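Letter by letter, the chains look like this.
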Amino acid sequence: VGHCHPDIVKAAHEQNQLLNTNSRYLHDNLVDYAERLSKTLPEKLCIFYFLNSGSEANDLALRLARQYTEHEDVIVLDHAYHGHLTSLIDISPYKFRNLEGQKEWVHVAPVPDTYRGLYREDHENSATAYADEVKNIIEHAHKRGRKIAAFFAESLPSVGGQIIPPAGYFQKVAEHVHKAGGVFIADEIQVGFGRVGKHFWAFQLQGEDFIPDIVTMGKPIGNGHPLACVATTKEIAEAFAATGVEYFNTFGGNPVSCAVGLAVLDVIEKEHLQANATEVGNFLLKILKEQQIKHPIIGDVRGCGLFIGVDLIKDQAE
């Protein structure tokens, strides 16, 4: 919502003058913020854990998935990056390929890229073809005695190249993953909060019939203030609570962070920032496509709202 937005600065300052404590001490801001956030999400995503960073959120999502499914293995997309904690480096091909390599419990699926990927725009059904790659990974893992806990993906792969997955891809992947006893985790850390314009969450681009089991949030949620969130279902949260080991985070969900989160939602609404993302994004796409016609180095222009990629190439044919 912009650097040092006065409404955000004011909300943080006012709450800081009253009280800032950890979330073992009950405060209305926590409940108010969870309620406001829940209105942006499908009904079944109704349990919230508040944290300080996207990395913390993704690490907790992993723990939730493993506790609920009692499985260990994770399927991720090629080139993905999910955070800087050890657990997340392990599921980030973008990082682990330059470090310790791929762990036995990690499986890498091809990124659903219809420009450079395995199945391109001319393929009769790229969504099914890419989802079948995930199905093959699951079958191969089962043959080796491995069990899938989660499919973990950004709703729009960003580090992987600003990829817009073909419609229907997530639905088909979720079907295969659920059949294997796993859950679907949508990482909205870079792409959520109205960035795609027409929807508040990027996973909604896949259609109303697709709902992830866990959604993670970070970055824009606090407009520069350390705030993050994991949203999930009652069933998954109850399985996690059944261990008797409660989740506690000293600063996660503190009154100042929640005041900031509420102010961010207010500004997005008040300043019509979703509509702005659509309008500015469409304008930018239009002028980039005009450049594409003039310059053979521009192979592809793609995007949605203010999530836009330009693919620079050496050879149009290849």
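Residues numbered from 1 in each chain as written. Predicted model: local features only at pLDDT ≥ 70, side-chain atom pairs only at ≥ 80, totals over all residues. Heavy atoms only, no water.

An unreviewed UniProt entry annotates the protein as AT2L2 lyase originating from Cettia cetti. As its UniProt record puts it under Cofactor (unreviewed entry), the protein is described as follows: "pyridoxal 5'-phosphate". (UniProt positions renumbered as here; feature names shortened; annotations may be inferred.)

K.L.:
Mind laying out the overall build of the protein, listing which residues take part and the relevant values?
P.N.:
Helix and strand content of the protein: 10 helices and nine strands. The C-alpha radius of gyration of the protein comes to 20 Å, within 12% of the 20 Å expected for a compact globule of 318 residues. Considered along the principal axes of its C-alpha atoms, the protein spans approximately 65 × 50 × 40 Å. In the protein, the proportion of contacts linking residues at least 24 apart, taken out of those at least 6 apart, comes to 72%. Total accessible area on the protein is roughly 15500 Å²; 51% of this is exposed by carbon and sulfur atoms. Positive and negative side-chain charges of the protein, numbering 29 and 41 respectively, have mean locations separated by a distance of 3 Å. (Helix = DSSP H or I, 4+ residues; strand = E, 2+ residues; numbered from the N terminus. Rg over C-alpha atoms; globule rule 2.2 N^0.38 Å. Contact = heavy atoms within 4.5 Å. Areas by Shrake-Rupley, 256 points an atom, 1.4 Å probe, with all protein chains shown as cover. Lys, Arg positive; Asp, Glu negative; His and termini not counted. Charge placed at Lys NZ, Arg CZ, Asp CG, Glu CD.)

K.L.:
Please provide a residue-by-residue account of helix α10 (residues 273-294), values included.
P.N.:
With 22 residues, α10 should reach 32 Å at 1.5 Å per residue; the first-to-last C-alpha distance of 31 Å fits that figure. The set of residues buried in α10 consists of Ala277, Gly281, Leu285 and Leu288. Down the axis of α10, the buried side of the element spans an arc of 75°, and every buried residue falls inside it. In this structure, α10 carries Glu279, Phe283, Ile293 and Lys294 as exposed residues pointing more than 90 degrees from its buried face. In the core, the buried residues of α10 are packed alongside β8 (298-304) and β9 (307-312). (Expected span 1.5 Å × (residues − 1). Buried < 20%, exposed > 50% of the residue type's maximum accessible area, 1.4 Å probe, protein only. Arc of directions from axis to C-beta.)

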